[in-house]
Every structure is written in C-alpha cells, then in structure tokens.
Amino acid sequence: MQISTAENLVARNPATGEIITQVKMTRLEEIKDIYVQSRDAQKVWASKSIKERMESFKRLRLEMVERMEEIAEVISKSTGKVLTEAITADIMPTIDAIMHIEKHSERGLKRKKVKTPLLLIGKKSYVEWMPRGAVLIISPWNYPLNLAMVPVLSALAGGNSVILKPSEVTPLVGEIMGELFRGKGFPSHIVQVVQGGKEIGEALTSASPDYIFFTGSVQTGKKIGEAAARNLIPSTLELGGKDPMIIFEDANLERAAKGAVWGAFTNSGQVCMSTERLYVEQSVYHKFLKLIREEAGRIKQGVSVDDDLGSMTSEAQKEILKVQITEAIHSGAILETGVHPDEWDERLFLPLMILTNVSPEMSIMKEESFGPVLPIMTFETMEEVIELANSTRYGLNASVWSRDLEKAKMAAGRLLSGAVVINDVITSVANHHLPFGGVKESGIGRYHGEQGIQIFCHEKAVLEDSGKRRTEVQWFPYEGKYPLFIKLFKSYFGKRKNYLNFVDAYIRLLRK
Ligand code: NAD
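Residues numbered from 1 in each chain as written. Predicted model: local features only at pLDDT ≥ 70, side-chain atom pairs only at ≥ 80, totals over all residues. Heavy atoms only, no water.

Student: Please provide a residue-by-residue account of helix H5 (residues 146–157), values included.
Tutor: An α-helix turns once per 3.6 residues; consequently, residues spaced three or four apart project the same way. Taking 1.5 Å as the rise per residue, H5 with twelve residues should run 16 Å; its terminal C-alpha atoms sit 16 Å apart, in good agreement. Those residues of H5 not exposed but buried are Asn146, Leu147, Ala148, Met149, Val150, Pro151, Val152, Leu153, Ser154, Ala155, Leu156 and Ala157. One or two positions beyond H5, positive phi appears at Gly159, with a value near 90°. (Helix = DSSP H or I, 4+ residues; strand = E, 2+ residues; numbered from the N terminus. Expected span 1.5 Å × (residues − 1). Buried < 20%, exposed > 50% of the residue type's maximum accessible area, 1.4 Å probe, protein only.)

In structure tokens form, the structure reads like this:
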C-alpha cells in the first residue's frame, strides 16, 4: 500500500485499494500567508449584503445539483461507501442546508430590537451580529462533504472567511470543495482548502484563527479545545458518540429491527450517531434477536450501485474494532452474526457483527466503535435502562422505540443526549431547524439552523440614546441623589410599583 509522502497525500479507494491520484499537501510555511489572504478576503465578503452573499450560495447550490453524480463518485471512491449513501447522507443534506441558509440567514442575522426597561427611560436597545473574521474549520472523513460544507457555509453566511482543513483520508473531496467556491461571486481566498494531516491541523489551530469549528474524535477535540483555550479562541467541538437505542416491549418490532440494522450499519457504522448500543426489553428479546439477525442477513455489501454497504474507510478504525470485539468475545460475548476478527481478511469490507451476552464494563459497550458492530443487552425496567443508557462518557444521539408515545417522550426527556429520535434513528440531524451537537464528551456547542450561523458571529448589544438630554440621573454629581435613588428603586422594585413616586423621584434626579 502506497502511503502519503511529505509533499503529497495519496487518494486511495478503500473499497478496491486502487490509488486514484495524489493531492499536493499544503506546506507549513504557507500558513501565515493563508491567514493574511483570508483576512483580506473577509473584508470584501463582509461588505456584501446578505442578499448578495445568498446569490453566490444559490449559484453554488445549482452547480452542486448539476454535478451531483460526479460529486457522488468522488465521495464513494474516497470513502468506500456506496453511491446511494453518498447521495442521500452526504450530498442531499448539504444541498438542503444551503437552501435552508438561503432562506433563513437574513432573518437570523437581522438586527433584533429588544425591550428597554423603564429605568433606562428614553433609550432603545437591539442586538446585532458581527462576523468573527477568519474561521478555521477542521473536518473528518466519514461524511467528508457535509461535515465540512455545512459549517463552511454557515460561517460564510455570517460574513466570515474560511480556512478549511478537510481530512487527509479524503483529500479529493477537499479538492472538489475548493473548486466549488471558485467564481460565483465568491471573492478569491474566501474559502481556502488546506490539505494535510495532524501537523497542518495543529499549525492552523495555533495560528490564531478568530473561531475554530472542529468535527472529529474526542481525543483530537480535547487537544483543539486546549489550544483554543490557551489563546482564548471561541470554538465549537462536534465529537464522537456511543448512541443507545432503547426498545420497549410494545414497540413495532419489525420496524425497530430494520431501524437498528440501518442505524448500526449504515456507512459501515462509521457515523458519529450510529446506533452503538442496543437495549431491548427482556420480554421481547428472543423475538427481536431473530428479527434483527434476519434483517442483517439481507444486507448486500459491495461496490455496485444496488449494494447496501460499501467498505470501511480507514484501516486504523478496523484495528480499533478488532481489539474491542476480540476483548468482548474473550470476556464471554457471543457473535450472533459475522466473523471472528481472527478470520477477517485483508480487505476493508467487514462482516456485520451482532454481539449478545455483553456487559456494561466491556469497551464495546463503553467506547466508540465506529464500525459495523452492534452489541445488544436486555433490560427489565425504565429506571434500569435509563441508567444504562446514560452510563457512558458520550451523549450525542439516542433513540427510543415504543407505541406509547408518552412513555417514549418520558424516556427521551431523561436521556443525557444532545438529541433523541423517537421510533427512528439518526434522522434528527437531517432537520436543519433542529440544533445539532452533543453533551458530555460528545462535544461543546450546537450548530444548524439560525443559531448555526449566529455562532460564527459576535453577538453585539447596542443601546441607543437620542443624545438630546443634558445629563443622566446616575452621572456625577451625586450630591443629594441618594434618598431620591432609594425612592426611585423602592417604587420600581417593591411589591407594588408606585409610578407617581417613580416619576417624581426621576424628575428630581434629572434636575440635580
Ligand atoms: P480525527 O479526530 O482523527 O480527525 C479529525 C480531523 O482533525 C482531521 O482533519 C485530522 O487531520 C485533524 N486533526 C487530527 N489531529 C489534529 C490536531 N492535533 N490538531 C488539529 N487537527 C487535527 O477524527 P476522524 O478519524 O477524522 O473522524 C472520526 C471521528 O469523528 C469519530 O470519533 C466520530 O465520532 C467523530 N465525528 C463526529 C461528528 C459530530 O458531528 N459530532 C461527525 C462525524 C464524525
């Protein structure tokens, strides 16, 4: 296997092993200029109205729709995922997000008038959104288009420039994203794609961007968080998960089995919101296990357009799975479907593995797996399953399955999770009106929707006075004002407001 050199990143199709091309890596010495160019471009872009910015967004969206098949090919070849998953889970949500931003950014960034209390008589107050400047976005390889483009576009909508470091595992997707921002009214250097791995990521992080938006592992997220804190750079961290799926006995079990197989195995389990732990109520366990085994048996793996699942993307991820599954089996877990890691072949196509007889102490139930494995446990009471579901260091997404929607909502309300889906999996991320992000070690901050644009802006409070009055009551001199303030505040904050006393005290204060 050819690996990346000091100058180039090798773009390799993980499903076939074929080397597609090589992509030039950005040199560390270039970073200083990249920031200078980014800050210059930002000034040009920020001077445009939101309407003008959205015209560029529309042109970008239409080009993406036009080139959909070509982009899907690049994603599929770069990640090993099948074309259907490239289009439904990476391209479509990106285009949908662009449309959402086109529709909602003007409202989200509009100056917002807020109330002014009586104590500040005669003044007006409002909130404005000001771009932060040059935003650094670092993205992963599992949905290489969406997880880069959505923050990039949200930052751009707010009037920022962007330095994007896509994953070194999928550099060709990085190249196509750079291309998409050429022309169409985007100033040059408004989005600069920086190709490289960890060293480049570290250098970009310590070069004082005005905001950092990171998507990736908890391990890297902690490093980025530390670096950001050192320079007081605000950041959003979108990190890993170990999402639980809770199936109560009154759930639609056939639907739940299909949902579990899709939730656990789509994109070969390389989804931050994959179903990674399944808890099924004891009374329906055997029935459910039979259903889910049958469902998993129907999944077709391969590279053709009609296949359900492609290959894993990263060799390193295969190793993590090998360790977790071997350890679980060694401690008594039973492999219900799939193949023991000792018998896996060289390829990145892994069998779909369902594990039973697992326990909460096993790493397969505690740590992110990010692969096609689904461990299943049983439970008997709501209390027990909520405690189990909340027992990991993660909290990104979860799902609750029951025909009794009140019960499902009650369970959802008790889950320590950034999102919960009822009688479905993962899909909360596809609604751009909903906030997206994690609790506990799954991350800090939220994006998507109007707030997903606002995070890339400083929230500025403006208080306006007409400037016509001679003075303000709280200004100097203080002589003789103390008892009047007592009267003013007591009439204002007391049990019952006394407007006569308030006006009297206020006028006398003004005359001082
Ligand atoms: P990763 O943390 O290894 O890498 C992510 C990005 O960070 C890559 O671009 C990488 O080059 C860069 N990077 C690595 N070390 C760095 C450093 N020290 N400084 C700066 N940049 C650095 O993650 P990955 O393997 O690419 O992605 C998989 C992980 O991402 C999983 O844990 C998954 O759960 C998580 N993820 C989270 C979300 C989410 O939205 N919460 C979405 C997708 C993936």
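This is not the end of the story, as more comes after the structure.
Student: Quick rundown of the packing of aromatic side chains? Include the residues and the values.
Tutor: Throughout the structure, instances matching the rule amount to 15 aromatic pairs. Ring geometry for Tyr211 and Phe456: centres 5.4 Å apart, planes at 70°, overall edge-to-face. One end of the pair, Tyr211, is in strand E8 (residues 211–215); the other, Phe456, is in the loop between helix H15 (449–454) and strand E18 (457–465), with 245 residues separating them in the sequence. Tyr211 sits in the buried class, given a relative accessible area of 4%. The class for Phe456 is buried, based on a relative accessible area of 0%. When the ring of Phe485 is compared with that of Phe489, the centres are 5.5 Å apart and the planes differ by 20°; the resulting orientation is stacked. Placement of both Phe485 and Phe489 in helix H16 (residues 482–493) is noted, with a separation of four residues, approximately one turn of the helix. Of the residues examined, Phe485 reaches a relative accessible area of 18% and is grouped as buried. When the ring centre of Tyr492 is taken as origin, the NZ or CZ atom of Lys497, which lies over that ring, is 4.7 Å away. (Phe/Tyr/Trp six-rings, centres within 6.5 Å; stacked < 30°, edge-to-face > 60°. Lys NZ or Arg CZ within 6 Å of the ring centre and 35° of its normal.)

Student: Describe the domain arrangement of the protein, listing the residues and the values that go with them.
Tutor: Each assigned domain of the protein is listed here: domain 1 (30–239 + 449–460), domain 2 (243–432) and domain 3 (471–511). For the pair domain 1 and domain 3, the summed buried surface comes to about 570 Å²; carbon and sulfur atoms form 74% of the total. Contact with domain 3 buries surface across domain 1, with Leu118, Leu119 and Ile121 losing the most and accounting together for 82% of the total. Taken together, domain 1 and domain 3 are joined by one salt bridge. Here Glu472 ties to Lys123 by a salt bridge, and the two come within 2.9 Å at their closest N and O atoms. Counting the contacts that link domain 1 with domain 3 gives one residue pair in polar contact (both at pLDDT 80 or more). Of the residues belonging to the side of domain 1 that touches domain 3, the class tally is four nonpolar, no polar and one charged. (Domains from an automatic or database assignment. Buried area = accessible area lost by both parts, 1.4 Å probe. Salt bridge = Lys/Arg side-chain N within 4 Å of Asp/Glu carboxyl O. Polar contact = N/O pair within 3.5 Å; in protein donor to acceptor, adjacent residues only side chain to side chain. Nonpolar A, V, L, I, M, F, W, Y, C, P; charged D, E, K, R; others polar.)

Student: Would you mind going over the site of the ligand in detail, with residue names and values included?
Tutor: What surrounds the ligand is a group of 30 residues, the closest being Glu168, Ser217, Thr220, Leu239 and Glu368. At a separation of 3.3 Å, an oxygen atom of the ligand approaches a polar backbone atom of Gly216. In isolation the ligand offers 850 Å² of accessible surface; the protein chains occlude 91% of this area. For the shell around the ligand, the elements supplying multiple residues, two or more each, are helix H7 (198–205), E8 and helix H8 (218–230). (Near = heavy atom within 4 Å. Areas by Shrake-Rupley, 256 points an atom, 1.4 Å probe, with all protein chains shown as cover.)

Student: An account of the side chain of His432 is requested, with residue identities and associated values reported.
Tutor: Mapped onto the fold, His432 is located in the loop between strand E16 (421–422) and strand E17 (443–444). Beyond its immediate stretch of four places on either side in the chain, His432 contacts Ala97, His100, Val150, His448 and Gly449. (Contact = heavy atoms within 4.5 Å.)

Student: Account for the environment of Ile334, with residues named and values stated.
Tutor: For Ile334, the location among the structural elements is in strand E12 (residues 334–337). On the basis of relative accessible area, Ile334 is assigned to the partly exposed category, the value being 42%. For the pair Ile334 and Asn390, spaced 56 residues apart in the sequence, the C-alpha separation amounts to 24 Å.

Student: Break down the sheet that holds strand E7 (residues 191–193) for me, citing the residues and quoting the values.
Tutor: Ordered in space as E7-E6-E5-E8-E9-E17, the six strands form an open sheet in which the pairing is mixed. Two strands in the sheet have a free side with no partner beyond their single neighbour: E7 and E17. By the bridge criterion, three bridges tie strand E6 (residues 161–165) to E7 in an arrangement that is parallel. Looking at E7, one finds that Leu164 is bridged to Val193. Sitting on the sheet, H8 is in contact with strand E5 (134–138), E8 and strand E9 (235–238), with an inclination near 175° to E8. (Pairing = 2+ DSSP bridges. Axes fitted to C-alpha atoms, helices over the stretch in contact; angles between N-to-C directions.)

Student: Tell me about the side chain of Thr356, and name the residues and values.
Tutor: In this structure, Thr356 sits in strand E13 (residues 353–356). The buried category is assigned to Thr356, whose relative accessible area is 2%. Separated by 2.6 Å, the side chains of Thr356 and Glu336 make a polar contact. Apart from residues lying up to four places away in sequence, Thr356 is in contact with Tyr285, Leu289, Ala333, Ile334, Glu336 and Ile376.

Student: Any details on the pairing of strand E1 (residues 8–12)? Residues and values, ideally.
Tutor: Consecutive side chains of a regular strand alternate in pointing toward one face of the sheet and then the other. Examined bridge by bridge, E1 and strand E2 (residues 19–24) share five bridges and lie antiparallel to one another. What sits directly across from Ala11, in E2, is Thr21. The hairpin formed by E1 and E2 contains six residues between the paired strands, and Gly17 there has a positive phi angle of roughly 85°.

Student: Let's hear about the sheet that holds strand E3 (residues 112–114): which residues, and what values?
Tutor: Strand order in the open sheet made by the three strands is E3-E4-E18, with antiparallel pairing throughout. In the strand order of this sheet, the two ends are held by E3 and E18, each with one partner. Within the sheet, the average angular offset between the axes of one strand and its neighbour, ignoring direction, is 30°. Across nine bridges, strand E4 (residues 123–131) lies against E18 in antiparallel orientation. Within the sheet, the bridge partner assigned to Lys123 lies in E18 and is Asp465.

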